[in-house]
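If you want the building blocks of each chain, they are given just below.
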Amino acid sequence: MSYWIEFYDQGNKIGETPAPGSEEEAREHAKQGLVTHKADFARIVDVGAERAEVWSVHADTDEARISKP
């Protein structure tokens, strides 16, 4: 599958990028992108499934925390 990450601030799309690798890698990339893009929300869409959303995260949730290696 191919994924695309979209970043939003106050409901407005402020950026997007292709996601690397697996869905798990895309999730980590999205969480890091919240900081990079100064976004309050990110969502991952499956490009091959008519851009269906497969995961999303709000910056103010515990789930948005970046995992330590």
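In the block above lies the structure referred to throughout.
Residues numbered from 1 in each chain as written. Predicted model: local features only at pLDDT ≥ 70, side-chain atom pairs only at ≥ 80, totals over all residues. Heavy atoms only, no water.

Student: Before we move on, could you go through unusual backbone geometry and cite the residues and values that matter?
Tutor: The phi torsion at Gln10 lies on the positive side, around 50°, for a residue other than glycine. With respect to the helices and strands, the residue Gln10 is situated in the loop between strand 1 (3-9) and strand 2 (12-18). Of note, Lys38 is a non-glycine position whose phi angle comes to about 55°, a positive value. Relative to the assigned elements, Lys38 resides in the loop between helix 1 (23-36) and strand 3 (41-46). (Helix = DSSP H or I, 4+ residues; strand = E, 2+ residues; numbered from the N terminus.)

Student: Got a sec to walk through the environment of Glu63? Specific residues and values, please.
Tutor: Among the structural elements, Glu63 can be located in the segment after strand 4 (52-58). Owing to a relative accessible area of 43%, Glu63 belongs among the partly exposed residues under this scheme. Spatially, the C-alpha atom of Glu63 lies 8.6 Å from that of Lys31, the residues being 32 residues apart in sequence. If sequence neighbours within four positions are ignored, Glu63 has contacts with Lys31, Trp55, Ser56 and Val57. Among the polar contacts listed, one links the side chain of Glu63 to the side chain of Trp55, at a separation of 3.1 Å. (Buried < 20%, exposed > 50% of the residue type's maximum accessible area, 1.4 Å probe, protein only. Contact = heavy atoms within 4.5 Å. Polar contact = N/O pair within 3.5 Å; in protein donor to acceptor, adjacent residues only side chain to side chain.)

Student: Lay out the pairing of strand 1 in plain terms, naming residues and giving numbers.
Tutor: Counting buried residues in strand 1 gives five out of seven residues, a clear majority hidden from the surface. Judged from the six bridges that link them, strand 1 and strand 3 form a sheet pairing that is antiparallel. Bridge pairing in strand 3 links Glu6 to Arg43. Two elements, strand 1 and strand 2, share six bridges in a ladder whose sense is antiparallel. Residue Glu6 lies in a different strand from strand 2, and its bridge partner there is Glu16. (Pairing = 2+ DSSP bridges.)

Student: Would you mind going over the packing of aromatic side chains in detail, with residue names and values included?
Tutor: By the definition in use, this model includes one aromatic pair. Look at Tyr8 and Phe41: their rings are 5.7 Å apart centre to centre, the planes differ by 55°, and that puts the pair in the tilted class. One end of the pair, Tyr8, is in strand 1; the other, Phe41, is in strand 3, with 33 residues separating them in the sequence. (Phe/Tyr/Trp six-rings, centres within 6.5 Å; stacked < 30°, edge-to-face > 60°.)

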